[in-house]
Amino acid sequence: MKNFFIIAFMLLTTLTYSQDKFIGEWTSNGFATDMTIEVVDNKLNIECISSTSYKPLETTNVVYKNNKITLNNYFKPNNWSSKKTIEYKNKDTLLVTVSSKIGVYKIAYIKK
(Lines give C-alpha, C1' and ligand atoms only; values in the text may rest on other atoms or scores of the structure.)
Protein backbone atom coordinates (compact mmCIF):
# COMPACT_ATOMS: atom_id res chain seq x y z
CA MET A 1 0.00 0.00 0.00
CA LYS A 2 2.89 2.34 0.79
CA ASN A 3 4.29 1.75 -2.72
CA PHE A 4 0.91 2.67 -4.23
CA PHE A 5 0.95 6.07 -2.51
CA ILE A 6 4.55 6.70 -3.51
CA ILE A 7 3.81 5.86 -7.16
CA ALA A 8 0.62 7.96 -7.14
CA PHE A 9 2.51 10.93 -5.67
CA MET A 10 5.30 10.60 -8.24
CA LEU A 11 2.79 10.41 -11.08
CA LEU A 12 0.90 13.52 -9.91
CA THR A 13 4.17 15.41 -9.43
CA THR A 14 5.32 14.45 -12.93
CA LEU A 15 2.02 15.44 -14.54
CA THR A 16 1.97 18.77 -12.73
CA TYR A 17 5.61 19.47 -13.67
CA SER A 18 4.93 18.59 -17.31
CA GLN A 19 2.04 21.06 -17.41
CA ASP A 20 4.02 23.74 -15.55
CA LYS A 21 6.30 24.38 -18.52
CA PHE A 22 3.27 25.79 -20.39
CA ILE A 23 2.30 28.23 -17.61
CA GLY A 24 2.61 31.91 -18.39
CA GLU A 25 1.48 34.71 -20.67
CA TRP A 26 2.12 34.06 -24.36
CA THR A 27 1.79 36.25 -27.43
CA SER A 28 1.47 35.48 -31.12
CA ASN A 29 2.76 39.01 -31.86
CA GLY A 30 -0.52 39.99 -33.53
CA PHE A 31 -0.94 36.88 -35.71
CA ALA A 32 -3.80 35.28 -33.75
CA THR A 33 -4.45 35.47 -30.02
CA ASP A 34 -2.62 36.09 -26.79
CA MET A 35 -2.92 33.32 -24.21
CA THR A 36 -2.65 33.06 -20.46
CA ILE A 37 -2.07 29.51 -19.27
CA GLU A 38 -2.32 28.66 -15.60
CA VAL A 39 -3.17 25.74 -13.34
CA VAL A 40 -6.21 26.29 -11.11
CA ASP A 41 -7.34 23.51 -8.76
CA ASN A 42 -4.98 21.08 -10.54
CA LYS A 43 -6.61 21.80 -13.91
CA LEU A 44 -5.28 23.77 -16.85
CA ASN A 45 -7.05 27.10 -17.31
CA ILE A 46 -6.44 28.88 -20.61
CA GLU A 47 -7.70 32.32 -21.52
CA CYS A 48 -7.36 33.49 -25.12
CA ILE A 49 -7.73 37.13 -26.17
CA SER A 50 -7.93 38.37 -29.77
CA SER A 51 -4.71 40.12 -30.77
CA THR A 52 -6.65 42.61 -32.87
CA SER A 53 -9.88 43.39 -30.98
CA TYR A 54 -8.59 42.44 -27.50
CA LYS A 55 -11.89 40.63 -26.85
CA PRO A 56 -11.90 37.21 -25.16
CA LEU A 57 -12.53 33.96 -26.99
CA GLU A 58 -14.52 31.11 -25.48
CA THR A 59 -12.11 28.28 -24.71
CA THR A 60 -13.45 24.74 -24.28
CA ASN A 61 -12.34 21.10 -24.35
CA VAL A 62 -8.88 21.75 -22.87
CA VAL A 63 -6.96 18.46 -22.80
CA TYR A 64 -3.36 17.79 -21.79
CA LYS A 65 -2.07 14.56 -23.32
CA ASN A 66 1.29 13.35 -24.66
CA ASN A 67 3.01 16.62 -23.67
CA LYS A 68 0.57 18.65 -25.80
CA ILE A 69 -2.44 20.78 -25.00
CA THR A 70 -5.43 20.76 -27.32
CA LEU A 71 -8.38 23.12 -27.07
CA ASN A 72 -11.23 24.65 -29.01
CA ASN A 73 -11.70 28.41 -29.41
CA TYR A 74 -14.83 30.27 -30.41
CA PHE A 75 -15.00 34.00 -31.17
CA LYS A 76 -18.64 35.05 -30.99
CA PRO A 77 -18.44 38.50 -32.70
CA ASN A 78 -17.69 36.89 -36.08
CA ASN A 79 -18.79 33.28 -35.40
CA TRP A 80 -15.21 31.99 -35.79
CA SER A 81 -14.10 28.65 -34.38
CA SER A 82 -10.75 26.89 -34.37
CA LYS A 83 -8.85 24.07 -32.74
CA LYS A 84 -5.37 24.61 -31.28
CA THR A 85 -2.67 22.08 -30.53
CA ILE A 86 0.03 23.58 -28.32
CA GLU A 87 3.51 22.07 -28.09
CA TYR A 88 6.35 23.18 -25.82
CA LYS A 89 9.53 24.11 -27.72
CA ASN A 90 11.56 25.79 -24.99
CA LYS A 91 11.11 28.08 -21.98
CA ASP A 92 10.41 31.06 -24.27
CA THR A 93 8.49 29.47 -27.17
CA LEU A 94 5.35 27.42 -27.75
CA LEU A 95 4.53 26.02 -31.20
CA VAL A 96 0.80 26.20 -31.91
CA THR A 97 -1.01 24.50 -34.78
CA VAL A 98 -4.33 26.20 -35.50
CA SER A 99 -7.00 24.42 -37.56
CA SER A 100 -10.01 26.37 -38.83
CA LYS A 101 -12.31 26.54 -41.83
CA ILE A 102 -9.65 28.35 -43.86
CA GLY A 103 -6.94 25.77 -43.23
CA VAL A 104 -4.13 24.75 -40.91
CA TYR A 105 -1.30 27.03 -39.92
CA LYS A 106 1.52 27.08 -37.38
CA ILE A 107 2.35 30.00 -35.13
CA ALA A 108 5.22 30.47 -32.67
CA TYR A 109 4.02 32.01 -29.42
CA ILE A 110 6.59 33.92 -27.40
CA LYS A 111 6.52 34.24 -23.62
CA LYS A 112 5.70 37.80 -22.52
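The preceding data block contains the structure.
This write-up is about the structure you can find in this document. (Residues numbered from 1 in each chain as written. Predicted model: local features only at pLDDT ≥ 70, side-chain atom pairs only at ≥ 80, totals over all residues. Heavy atoms only, no water.)

Further remarks concern the side chain of Ser-50. In this fold, Ser-50 is placed in strand β3 (residues 43-50). With residues near it in sequence (within four places) discarded, Ser-50 still touches Ala-32, Thr-33, Lys-55, Leu-57 and Phe-75. (Helix = DSSP H or I, 4+ residues; strand = E, 2+ residues; numbered from the N terminus. Contact = heavy atoms within 4.5 Å.)

Below, the discussion takes up the packing of aromatic side chains. Scanning all chains against the criterion turns up two aromatic pairs. With a centroid separation of 6.1 Å and an interplanar angle of 70°, the aromatic rings of Phe-22 and Tyr-88 are classed as edge-to-face. Here the residue Phe-22 occupies a position in the loop between α1 (2-20) and β1 (24-27), and Tyr-88 occupies one in strand β6 (residues 80-90), the gap between them amounting to 66 residues. Members of the aromatic cluster, connected to one another through ring pairs, are Phe-22, Tyr-64 and Tyr-88. (Phe/Tyr/Trp six-rings, centres within 6.5 Å; stacked < 30°, edge-to-face > 60°.)

Formed by 18 residues in total, the largest nonpolar core has its most connected members in Met-35, Ile-37, Ile-69, Ile-86 and Leu-94. Of all elements in the fold, only β2 (33-40), β3, β4 (56-65), β5 (68-75), β7 (93-100) and β8 (103-111) reach the threshold of two or more residues within this core. Excluding residues that lie within four positions of it along the chain, Met-35 makes contacts with Gly-24, Glu-25, Trp-26, Ile-46, Glu-47, Cys-48, Lys-84, Ile-86, Leu-94, Val-96 and Tyr-109. (Core = buried A, V, L, I, M, F, W, Y, C linked by side-chain atoms within 4.5 Å. Buried < 20%, exposed > 50% of the residue type's maximum accessible area, 1.4 Å probe, protein only.)

Before going further, it helps to spend a moment on the environment of Ser-53. Residue position: Ser-53 is located in the loop between β3 and β4. Taking the C-alpha atoms as reference points, Ser-53 and Thr-33, 20 residues apart in sequence, are found 9.6 Å from one another.

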